[in-house]
Amino acid sequence: MIPIAKPYLTKDEAQSAYDTILTGWVTQGPRVEEFEKKFCEYTGAEYAVAVSNCTTALHLATIVSEIREGDEVICPSMSYVASSNCIKYTGAKPVFAEVESETYNIDLSHAEKLITDKTKAILIVHQIGMPADIDAFRTLCKKHNLKLIEDAACATGSAYKGKKIGSHSELVCFSFHPRKVITTGEGGMITTSNEAHYKRLKLLRQHGMSVSDRVRHQSDKIIFEDHTEIGYNYRMTDFQAAIGIRQLEKLDWIIGERRKIAVKYIEELKSIDCIRLPEEREGYFSNYQSFSIYLKDNSPISRNELMQKLLDDGIASRRGIMTSHRETAYKNEFKEIKLPVSEDASDRSIMIPLYIPMTGEEISRVITAIKKYLN
Ligand SMILES: *Cc1c(COP(=O)(O)O)cnc(C)c1O
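About the criteria used
Residues numbered from 1 in each chain as written. Predicted model: local features only at pLDDT ≥ 70, side-chain atom pairs only at ≥ 80, totals over all residues. Heavy atoms only, no water. Buried < 20%, exposed > 50% of the residue type's maximum accessible area, 1.4 Å probe, protein only. Helix = DSSP H or I, 4+ residues; strand = E, 2+ residues; numbered from the N terminus. Polar contact = N/O pair within 3.5 Å; in protein donor to acceptor, adjacent residues only side chain to side chain. Contact = heavy atoms within 4.5 Å. Near = heavy atom within 4 Å. Nonpolar A, V, L, I, M, F, W, Y, C, P; charged D, E, K, R; others polar.

Engineer: Tell me about helix α3 (residues 54–64), and name the residues and values.
Structural biologist: The buried fraction of α3 amounts to 10 of the 11 residues, a majority that puts the element mostly inside the structure. A distance of 2.9 Å separates the backbone nitrogen of T55 from a side-chain oxygen at the start of α3, and that oxygen is part of N53. E66 sits one or two positions beyond α3 and adopts a positive phi of about 60 degrees.

Structure representation (structure tokens):
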């Protein structure tokens with residue numbers, strides 16, 4: 001069976017976690033701090049705050065953006081549901097924008113049309129590793145005095161206009177779930193260029209506590225902490241950070257290997273005229289967190305039939321990126337809205353296997369099977 005994805009974890013990560021366990025420091029200690037520092041060096045971000053996962057990262061990003069009940073936040077419906085759930089947590093309303101059919105990234109002109117007096121922020125998603133047009137959204141947000149949040153869950157190591165994702169705007173949220181390009185088991189990171197955000201994010205992730213465990217532990221004077229606001233427990237453990245440090249060292253290599261597979265897929269599949277392949281425009285660099293293909297009208301079989309046939313051949317695939325407005329949790333509230341581009345892209349696309357290491361034979365099997373069913 002060829003799986004859809006596989007985390008790339010080796011003895012290095014196991015050793016790193018093992019060594020950390022023996023230090024006696026368990027949660028949010030020196031390894032978390034080191035991981036944050038290295039993440040800043042890697043991305044070029046000014047500050048980084050490690051948290052328990054990307055969903056909690058996004059939640060804290062909405063809080064420091066002062067998003068509250070009654071506000072509206074524009075975001076794509078076509079994304080993993082966490083992108084809109086984090087808006088819901090605050091009591092604000094997600095307002096769903098269309099995506100562009102070629103990149104699946106949020107459509108700038110549609111997003112602009114949705115701006116009202118209540119709009120507080122725009123949340124953009126770098127879909128399956130392909131960056132959205134950050135500068136265009138920064139300009140739009142500036143013009144209308146809105147906050148910008150980047151959901152970069154899938155985009156660790158991707159780049160936009162020559163700079164790594166994480167270095168362009170005030171709030172960028174990453175995921176280290178096993179389905180992403182690097183993993184810490186569960187885990188997330190927020191990068192920011194804003195010192196006030198940085199300080200507040202650090203408080204919010206640990207119950208609003210004014211003194212961290214580490215500072216108290218190292219102090220030769222007694223210190224009592226205060227809880228300065230209602231916070232959360234969104235901490236990352238030191239074991240996870242120890243794994244993350246090793247993963248980060250390999251990230252550029254991992255992306256290089258992923259891109260070789262993507263190039264091979266593109267070369268071999270581009271002659272099939274009933275599909276559309278991912279498009280990487282000038283200035284955009286994808287980590288190929290996933291590889292998606294879109295089945296046009298002239299496809300001899302439906303998307304679901306193709307998925308079943310691939311499965312029968314021992315090849316896993318997944319449906320395209322979901323749309324939140326059609327999920328049961330959102331359906332009632334959003335039954336009036338229609339997002340034809342997002343719905344079509346979601347219903348007609350599939351993700352095919354891409355992981356490291358993927359053998360030449362496995363890659364060939366996927367290509368041969370797709371050609372067999374679509375030619
Ligand atoms: C995976 C993902 C998330 C959630 O990340 P977790 O670390 O699992 O919380 C959020 N947004 C997008 C676009 C994702 O793909």
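Read on, since the account is not over.
Engineer: Pulling in residues and values, what's your account of the environment of A82?
Structural biologist: Looking at the secondary structure, you find A82 in helix α4 (residues 82–89). Owing to a relative accessible area of 10%, A82 belongs among the buried residues under this scheme. Distance from A82 to T192, taken between C-alpha atoms, is 20 Å for residues 110 residues apart in sequence. For A82, the contacting residues outside a window of four places in its chain are T55 and L58.

Engineer: For the site of the ligand, give the residues involved together with the corresponding values.
Structural biologist: The environment of the ligand is formed by 15 residues, the closest being C54, T55, D151, S175 and K180. Between an oxygen atom of the ligand and a main-chain N or O atom of C54, the distance comes to 2.9 Å. In the environment of the ligand, a nitrogen atom lies 2.8 Å from a nitrogen or oxygen atom belonging to the side chain of D151. Taken together, the elements giving at least two residues each to the shell around the ligand come down to α3 and α4. Here the shell around the ligand is built from residues that sort into six nonpolar, seven polar and two charged.

Engineer: How would you summarise the environment of Y288 if you had to cite specific residues and measurements?
Structural biologist: Within the fold, Y288 resides in the loop between β11 (284–285) and β12 (291–295). Sequence separation between Y288 and F176 is 112 residues; the distance between their C-alpha atoms is 15 Å. The contact partners of Y288, leaving out residues within four places of it in the chain, are I128, R258, R259, A262, I266, P278, E280 and L354.

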